[in-house]
Structure formats: structure tokens, C-alpha cells
Amino acid sequence: MNTHTSAQEKIQLGKLSTPFIEKVAIIGAGLGGLAVAIALRKLGCEVQVYEKAQDFRPVGGGLGLLPNGLNFLDAIEPGIVETIKNSGCEVSKTVLKNTQGETIRTNPASRFQDKYGQPLITVWWWRLQQILVSKLPSESIHLHHRCVGFEQDDHHVSIYFENGEKVSADLLIGADGINSVIREALIGDGKPRYLGSMSWRTVIKCNQEILNPGELGFVKGHKEFMYLLNVGDGYIAWLYRKLSRDYSLSQDAGEVKSRVLNQVADWGESLRSLVAVTPAEQILETPICDRLPLKSWSQGRVTLLGDAAHPMAPALGQGANSTFEDAYELTLCCSQASSIQEALASYQQRRIPRTQLMQGRSALGEMRYYTTDTKNSDQQMQEHSQMSREEFQDWAFNYKP
Ligand SMILES: Cc1cc2nc3c(=O)[nH]c(=O)nc-3n(C[C@H](O)[C@H](O)[C@H](O)COP(=O)(O)OP(=O)(O)OC[C@H]3O[C@@H](n4cnc5c(N)ncnc54)[C@H](O)[C@@H]3O)c2cc1C
């Protein structure tokens, strides 16, 4: 398996040019759309990002940035990792707790830096989005633009928006997430696959005693668990997950909060109070979903990136990290090819095998959280990708531009 790109490809994006791509339209100003916009602008492309949200709000939960994601972010925008570190938290310890909030085990997190050359950083999704936004000219981001479809011929792609606008580009990138309209038009594979687990998450600022600075906490319950992340500036992200055969999303914020409070009713006060002090409207309830891997991500002058291309269960923390790899490698392929079709063919050839393996292993990893038979779970994951846990981490984290 090829885990590294060759030394010749270690190039600076700013030194390239792509004469056959002038205008690029990106659908989605999530982490993937913004990262690829920054990278493609360095090739000299005129890049426009279209986002359905009306404004950038402080939303999302806590995100873990792993060595491979950080390697690629730094290759796209040198120095950005320092900015993210200052905005989030460099994890020094991981702490396992029981549901009473008592510490069972503590492990140093220095192995990330020592073994893979980058730390483990936890950051608020929204802050990372804002850092990426700050690297783009404001006139290149178009909020309140929900894409509803596109048409393409040999020369252009025309993109249509709900507000009646139409734009034209040489290349269209669908970075519009797990429910991508671009994917639906290209592939039409219907709704995402529910993986049998529900998630509730938020970021809050509060006085708490459960997590020391620099710590990342994991609370293991029975068919339920909680992650606790320091995300910088005194903010804490909590993320509660529970095995749940069916899912029904509530439209009522108070009911959503009651659901979580009922689930953690017999947990220790230090944990329960985190949920209790959270304003109900800040709790995001979502089903955990993925999709099956695709054989192709592109048609003509249209392609997919990030969750639109390879949505995966969050178990291995590779959703955003693998998306930063996509952003860099798509840009690299555009810089090295002599046509859009050649660029997109080599992009998917590089990316599909790697992300396919991550998708499969992440879906299996999801169930590891809920089982007491972790040995059997690990064996299934090992059989899936012929790699032990440690070999998988080496393969994932050592990947470099
Ligand atoms: C608001 C939000 C909060 C998140 N918070 C977390 C988190 O806390 N922790 C975590 O691990 N992951 C989080 N994620 C998911 C994580 O960002 C992704 O798994 C990963 O980063 C891949 O990103 P992406 O850019 O491919 O997709 P996404 O992050 O899903 O971004 C897709 C973007 O496309 C926009 N969009 C969708 N459809 C259209 C359309 N038709 N027209 C125009 N725009 C459209 C969406 O509004 C969104 O901004 C969050 C995603 C979102 C959208």
C-alpha cells in the first residue's frame, strides 16, 4: 500500500499554475469547501464559494485534528497549525472516566508529536471555520446561496441557486456535505445509511471541575459514552452518544435537552451538570450516518470532496482530517494535469482507495464503542483492512503531502 506521496510531489502550491482552469465554483463553505478554495487560489484560479447558510454562526461541536489532517492544512496554508493551536487546545493527556466522573486511567498524548510529528489538537468547529474564512477574500464567499442543480457541456458548467441566480465555471466542486445535492445529481444514491447510534453535542463556557486544561476526556457507560474536549478559551465541548435502533429527531429544543438529561440521570453530578447548564437551543441532535464508498466521484467537469464524496462514521476521527487531504490532493492533481478530466481522474485514483478503507473501518469502529467484547471488534477491524489498530494509526497519521 502506498502510504506516502513521493518527494518530488512535495511542492508549494503557490508556485504552480493551471492554464486550463480559470473559474472554480465550490458548493459549501464547510471545512472542506473553504480548505480547497484556499489551495486553488494559490494556483491562480478565480474561486467562488457558495454556501446555503445565511450567516456564519457559532455552531458545531468540538473537533479533533490529527497529524495527517494537520500536515495537509499546513501544506495548504503554511503557519495555520500554529493559529489553530492558539485558538484550540493541544491535548497533553487523555483521561478515561466512569459515569460517576471518576478517573480510571490517564495516558499522555505526547506520542502524537513524538511518533507522528504533529500534536493532537481539539478545536471548536466554528472557530476553525472562521480561521479558514479569514484566509479568503470576503467577496469570494457567497452566503445565502443554496445550490439546486447544475448543467454541463464540453466548455462550461452552469450552476443554479434557489434564489434564482445562475453562475458559470470551468470546474464545479461539490463540498456540500453528507446530503450533497451535487452527489445526488451525479450519483443519485439516495439517503445516507443510519448506523444505529444517536449523537447530541454542543460547546459551552462554564465553570467545571471534570476536565483539567490540556485534557481530553472519554466517559464509558453501558451502550453510551461521552467525549469531553477542551476547545480553547475556557470553552468545553461535550458530545454524548447512545446506541439506538431507531431515530426520531425532535423539533423542540427543550425536548432534545430532556432526552439527554434523562439518559444521564444516574451519572455523577460533575457530568450531569454539564448537560443541565447547557442552553437547550445549543444542543445539536443528529443521527450517526455514513454512505457506502463510490467507484467514481467525478463526471466531466464536476467532482466531489469531503463528506459529499466519502462520508464516514466519526469513530476514527478522520472525517475532517481526510477532507484536508482531499483539498490538497485535488489541487495538486489540477496543477499536474493537462486537462480537467485528467486532473479529476488522477484525483479520484489517489483518494478513493484511501478514503474507502477509512469509511469501512470507521463503520466497524463505531460498534467498538458499545461492545464489551472489544477483542472481537478489533479483530473485525483488523480483518477488514488487514491492519492492527496501531498499524492503521501509523498508516493514517503518517500520510504527508
Ligand atoms: C454546521 C456544521 C457543524 C459541524 N460540526 C462538527 C463537529 O463539531 N465535529 C465534527 O467532527 N464534525 C462536525 N461537522 C462535520 C465535519 O465538518 C465534516 O464531517 C468534515 O469536516 C467534512 O466537511 P465537509 O466540508 O465535506 O462537509 P460539511 O462540514 O458538512 O460542510 C458542507 C457545507 O455545505 C453547505 N451546503 C450543504 N448543501 C448545500 C447546498 N445545496 N448549497 C450550498 N451549500 C450547501 C452546508 O451548509 C455546509 O456548510 C460539522 C458540519 C457542519 C456543516
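Let's shift gears to the side chain of Gln48. Position of Gln48 among the secondary structure elements: in strand 2 (residues 46-50). Looking at Gln48, its side chain comes within polar contact range of the side chain of Glu46, at 3.4 Å. When neighbours within four sequence positions are excluded, Gln48 is seen to be in contact with Val24, Ala25, Ile26, Glu139, Ser140 and His142.

As for its placement among the helices and strands, Lys52 is situated in the loop between strand 2 and strand 3 (62-65). Put simply, Lys52 and Gly62 are ten residues apart on the chain and 22 Å apart in space, counted from C-alpha to C-alpha. Contact partners of Lys52, with chain neighbours within four places excluded, come to His144, His145 and Arg146.

Turning our eyes to something else, we now look at the site of the ligand. Among the 29 residues in the neighbourhood of the ligand, the closest are listed as Gly32, Glu51, Gly61, Trp125 and Asp307. Interatomic distance of 3.5 Å between a backbone N/O atom of Gly62 and a nitrogen atom of the ligand. A distance of 2.9 Å separates a nitrogen atom of the ligand from a polar backbone atom of Cys147. When isolated, the ligand has an accessible area of 910 Å², and the protein chains bury 81% of it. Only helix 1 (31-41), strand 3 and helix 9 (319-336) provide two or more residues apiece to the shell around the ligand. For the shell around the ligand, the leading source of residues is helix 1, giving three residues.

The phi dihedral of His144 is positive, around 60°, even though this residue is not glycine. Positionally, His144 belongs in the loop between strand 8 (141-142) and strand 9 (147-152). Using a relative accessible area of 48% as the deciding quantity, one classes His144 as partly exposed. Phi at Lys223 is positive, roughly 55°, even though this residue is not glycine. Looking at the secondary structure, you find Lys223 in the loop between strand 14 (215-220) and strand 15 (224-230).

Thresholds, definitions, all that
Residues numbered from 1 in each chain as written. Predicted model: local features only at pLDDT ≥ 70, side-chain atom pairs only at ≥ 80, totals over all residues. Heavy atoms only, no water. Helix = DSSP H or I, 4+ residues; strand = E, 2+ residues; numbered from the N terminus. Polar contact = N/O pair within 3.5 Å; in protein donor to acceptor, adjacent residues only side chain to side chain. Contact = heavy atoms within 4.5 Å. Near = heavy atom within 4 Å. Areas by Shrake-Rupley, 256 points an atom, 1.4 Å probe, with all protein chains shown as cover. Buried < 20%, exposed > 50% of the residue type's maximum accessible area, 1.4 Å probe, protein only.

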